[in-house]
Amino acid sequence: MFNSCLRQLNRQPLLVAIRHCSAEVGSNAYLENLVSKSPVVVFMKGTPDNPRCGFSNAVVQIMRMHGVQYDSYNVLDDEKIRQGIKEFSKWPTIPQVYLNKEFIGGCDILLQMHQSGELIEELRKNGIISSLLEEELEKDKSKPAEK
């Protein structure tokens, strides 16, 4: 891609070439790049340390309970990302959770997955061990073996 961008520089004005070669903030290409950077990505209002809405806070708390490391993007910082992510996922609300580039859902879906135990399984399928699962495994190890 870089070589094609260099070829573009020789044929077009610089501004056009740069616009052509870099993904515009909020575009599908830009958002695809963001969700590809980490196994778990959350688009939220605020930050994990300072969620700015109850739904974003609920997602942060679920992630903390499971001990999941994730990248987060504060949609309040950029209106293009806030609107773009809704179009990208075809989902109208924030927060939005992605697991290995796949849109999982918002707060309500993540909460249902957490309550049913499905989240632990989805994380496991993607190579992420939930802290809650580790706790269960430790409890099982400490129980005496039945005869």
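Model, not experiment: these values are computed from the prediction.

Conventions used here
- Residues numbered from 1 in each chain as written.
- Predicted model: local features only at pLDDT ≥ 70, side-chain atom pairs only at ≥ 80, totals over all residues.
- Heavy atoms only, no water.
- Buried < 20%, exposed > 50% of the residue type's maximum accessible area, 1.4 Å probe, protein only.
- Helix = DSSP H or I, 4+ residues; strand = E, 2+ residues; numbered from the N terminus.
- Polar contact = N/O pair within 3.5 Å; in protein donor to acceptor, adjacent residues only side chain to side chain.
- Core = buried A, V, L, I, M, F, W, Y, C linked by side-chain atoms within 4.5 Å.
- Phe/Tyr/Trp six-rings, centres within 6.5 Å; stacked < 30°, edge-to-face > 60°.

**Student:** I would appreciate a short explanation of the pairing of strand β1 (residues 40-44) in the present structure.
**Tutor:** Put simply, side chains in a regular strand alternate between the two faces of the sheet. Counting buried positions along β1 gives 5 out of 5 residues, so the element sits mostly inside the fold. Across the two faces of β1 the burial is the same, with Val40, Val42 and Met44 and Val41 and Phe43 all buried.

**Student:** I'm lost on the environment of asparagine 74 in this one. Help?
**Tutor:** Position of asparagine 74 among the secondary structure elements: in strand β4 (residues 71-74). Considered as a pair, asparagine 74 and threonine 47 are 27 residues apart in the sequence and their alpha carbons are 5.9 Å apart. Within polar-contact distance, the side chain of asparagine 74 engages the backbone nitrogen of leucine 76 at 2.9 Å.

**Student:** Quick question: what am I supposed to make of the nonpolar core here?
**Tutor:** Across soluble globular proteins, nonpolar side chains show a tendency to be buried alongside one another. One finds Val40, Val42, Val59, Met63, Val97 and Leu110 to be the most contacted residues of the largest nonpolar core, which totals 18 residues. Counting only elements with at least two residues in this core, the list comes to β1, α4 (54-66), β5 (96-99), α6 (107-116) and α7 (118-125). Tallying contributions element by element places α4 first for this core, with 4 residues. Among the nonpolar cores identified, the runner-up in size contains 12 residues, and Leu34, Val41, Tyr73 and Ile94 belong to it.

**Student:** Would you take a moment to explain the packing of aromatic side chains for this structure?
**Tutor:** Given two aromatic rings, one states the distance between the centres and the angle between the planes to describe the pair. Counted according to the given criterion, the structure contains 5 aromatic pairs. One aromatic cluster is present, formed by Phe43, Tyr73, Phe88, Trp91, Tyr98 and Phe103 through successive ring pairs.

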